[in-house]
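# Structural overview for review
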Amino acid sequence: MSWRYIAMRAISGDFLDWDVPFVADSPPRRELNGPGQMTGTITPEYLRLMAKPDGLPVMAEWSTALFAEYGGHIRWGGLVTNLSYEGQAMKVQCAGYTAYPAGMPYLGSVIRSGAKIPQKWAYDGKDKNHDGYVDGSSPKRKMPKRPPDKVSTRWDAYDVVRTIWSHLQSYQQGKLGVTLDGHDSGHKLGAANGEDPWELLWWDSPDCGQVIGDVLSQAKADFLERHFWDGSKESIRHHIDLGTRRLGRTRSDLRFAQGENIVELATPTGQGDFFSNDVYVLGKGSGQKTARVRVVVNDKRLRRARIVTYKSTSNAKTLTEYGKKERAKHSEQLTIPAIAIQNHPNAPLGSWTLGDRILVQVDVPWVGELAIWHRVVSEEIDPAAGTAVLNLTRSDFYG
């Protein structure tokens, strides 16, 4: 059994080649909250690169989709984003479908979430001298209290993500056939009192990829891209799982231990110059009117301060939540960045899911035996070799 690489037109879904002679540099990389990647080469003997009826060659940037299949299952899929040449060989770089929104401007309908809506008032303009009385009233009547503004509907974070994808795929040349989960995240954008609305305005030319990342970060949510055969195996489906709130689960049923299934590990890292235990978050505004919050922890270490920006809001609660995440990222303890594992009954290949929390048990020189919970954030599985590389972050980073 070996890998098979299938080429398809991204827009039409037409299959171009069922067995591309693609030589991968390494197993395709799947990522949590990212598009993943696959790179490799094609030799010049590949005469099937001739132009197809649509006038494009099989391998064409931002036109061809390439899928890696093993054992009848699509293990990875993505778009050909870059072609170059090394000697006589064509170098092919691919990124997952979720790379498509990055750099694309949002030009759809305006979205205002939690914005104030001034109410019409019969007494508008009837106190021109500002004395608190209705102009021309006899006897003089005090101005009644103005009715409070209403607040517009607050959007769920996932609804914004789905709207952006729908907008991108509304163009004829953007119909990728990507579907998304339909449930809500439970996180509403904008403040409930209308004091800090969240807005998506096309005239600001917002970057679709950045907006998606921003709202998912606010919701403390994940996404995961998947590609799979439909029931008839005549077409490939493309879907984005949305985590509520985080994808994955704690895997007490799996064991990852050095000397058993861990065959290699990346050098454990600390924080060094990246360390900070006192974070200031600067929000919307300028000068002395800039919104600011401080997130600090007394960890019995020397104070190390850091400033980060989050200019899309002035809401103190939102800024504080962002600050907590940044502080955790800058103050996390010893981390095992990656492990290489072999197929083993303790954790058969593919028995985990991206986002899962796993206990990594290793013996680190100068430190000793460690057992630290990490989260799986990317994977490169090679079923032919019976090995996998898992990239990790400490699970306590996510709070």
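Residues numbered from 1 in each chain as written. Predicted model: local features only at pLDDT ≥ 70, side-chain atom pairs only at ≥ 80, totals over all residues. Heavy atoms only, no water.

With that settled, consider the nonpolar core. Phe67, Tyr97, Ile164, Trp165, Leu176, Trp198 and Val215 are the most contacted members of the largest nonpolar core, which totals 36 residues. The element best represented in this core is helix 1 (residues 157-168), accounting for seven residues. Residue contacts for Trp165: discarding those within four places in its chain leaves Tyr97, Thr98, Pro101, Leu176, Val178, Leu180, Ile212 and Ile240. Ranked by size, the runner-up nonpolar core spans 23 residues in total, among them Leu354, Ile372, Val376 and Leu392. (Core = buried A, V, L, I, M, F, W, Y, C linked by side-chain atoms within 4.5 Å. Buried < 20%, exposed > 50% of the residue type's maximum accessible area, 1.4 Å probe, protein only. Helix = DSSP H or I, 4+ residues; strand = E, 2+ residues; numbered from the N terminus. Contact = heavy atoms within 4.5 Å.)

What follows is about a nonpolar patch on the surface. Taken together, Leu107, Val110, Tyr171, Trp202 and Trp203 make up a surface patch of nonpolar side chains, about 510 Å² in accessible area. The residue Tyr171 is located in the loop between helix 1 and strand 12 (178-180) in this model. (Patch = residues over 30% accessible without salt bridge, like charges linked within 9 Å, V, L, I, M, F, W, Y side chains within 5 Å. Areas by Shrake-Rupley, 256 points an atom, 1.4 Å probe, with all protein chains shown as cover. Salt bridge = Lys/Arg side-chain N within 4 Å of Asp/Glu carboxyl O.)

For helix 2 (residues 208-218), the set of buried residues is Cys208, Val211, Ile212, Asp214, Val215, Leu216 and Gln218. N-capping of helix 2 is provided by Asp207, with a side-chain oxygen placed 2.8 Å from the backbone N of Gly209. Once helix 2 finishes, Lys220 follows within two positions and takes phi at roughly 55°, a positive value. (Polar contact = N/O pair within 3.5 Å; in protein donor to acceptor, adjacent residues only side chain to side chain.)

A separate point is the packing of aromatic side chains. Under the defined criterion, the tally for this structure stands at 10 aromatic pairs. A ring pair is formed by Tyr310 and Tyr322, whose centres lie 4.3 Å apart and whose planes are at 25°; its orientation type is stacked. Within this pair, whereas Tyr310 is found in the loop between strand 20 (305-309) and helix 3 (316-331), its partner Tyr322 is found in helix 3, the two being separated by 12 residues in sequence. Here Tyr310 matches Tyr322 in class, with each residue buried. Positioned above the aromatic ring of Tyr133 is the side chain of Lys140, whose terminal nitrogen or guanidinium carbon lies 4.8 Å from the ring centre. (Phe/Tyr/Trp six-rings, centres within 6.5 Å; stacked < 30°, edge-to-face > 60°. Lys NZ or Arg CZ within 6 Å of the ring centre and 35° of its normal.)

Among the seven residues of strand 15 (residues 236-242), six are classified as buried, and the element is accordingly described as predominantly covered. Where strand 12 meets strand 15, three bridges bridge the pair, whose relative direction is parallel. Opposite Leu180, over in strand 15, you have Ile240 as the bridge partner. The pairing of strand 14 (residues 223-229) with strand 15 spans seven bridges and is classified as antiparallel. Residue pairing in the sheet places His227 in a bridge with His238 of strand 15. Where strand 14 folds back onto strand 15 in an antiparallel hairpin, the turn is made up of six residues, including Lys233, whose phi is positive at roughly 60°. (Pairing = 2+ DSSP bridges.)

Another aspect to go through is helix 1. Compared with the 16 Å implied by 1.5 Å per residue over 12 residues, the 17 Å span of helix 1 between its first and last C-alpha is a close match. Counting buried residues in helix 1 gives nine out of 12 residues, a clear majority hidden from the surface. Every buried residue belonging to helix 1 is among Ala157, Tyr158, Val160, Val161, Arg162, Ile164, Trp165, His167 and Leu168, and all of these are buried. In the core, the buried residues of helix 1 are packed alongside strand 12, strand 13 (198-200), helix 2 and strand 15. With a side-chain oxygen lying 2.9 Å from the backbone nitrogen of Tyr158, the N-terminal cap of helix 1 falls on Asp156. (Expected span 1.5 Å × (residues − 1).)

Moving on to the sheet that holds strand 19 (residues 292-296). Strand order in the open sheet made by the three strands is 19-18-20, with mixed pairing throughout. Each edge of the open sheet is held by one strand with a lone partner, namely strand 19 and strand 20. The sheet shows a mean angle of 20° between the axes of neighbouring strands, direction not considered. Two elements, strand 18 (residues 278-282) and strand 20, share five bridges in a ladder whose sense is parallel. Opposite Asp278, over in strand 20, you have Ala305 as the bridge partner. (Axes fitted to C-alpha atoms, helices over the stretch in contact; angles between N-to-C directions.)

For the rest of this paragraph, the subject is the sheet that holds strand 14. As summarised here, the arrangement of the three strands in space is 12-15-14, forming an open sheet in which the pairing is mixed. Looking at the sheet topology across the chains shown, the edges are occupied by strand 12 and strand 14. For this sheet, the mean inter-axis angle between neighbouring strands, taken without regard to orientation, is 25°.

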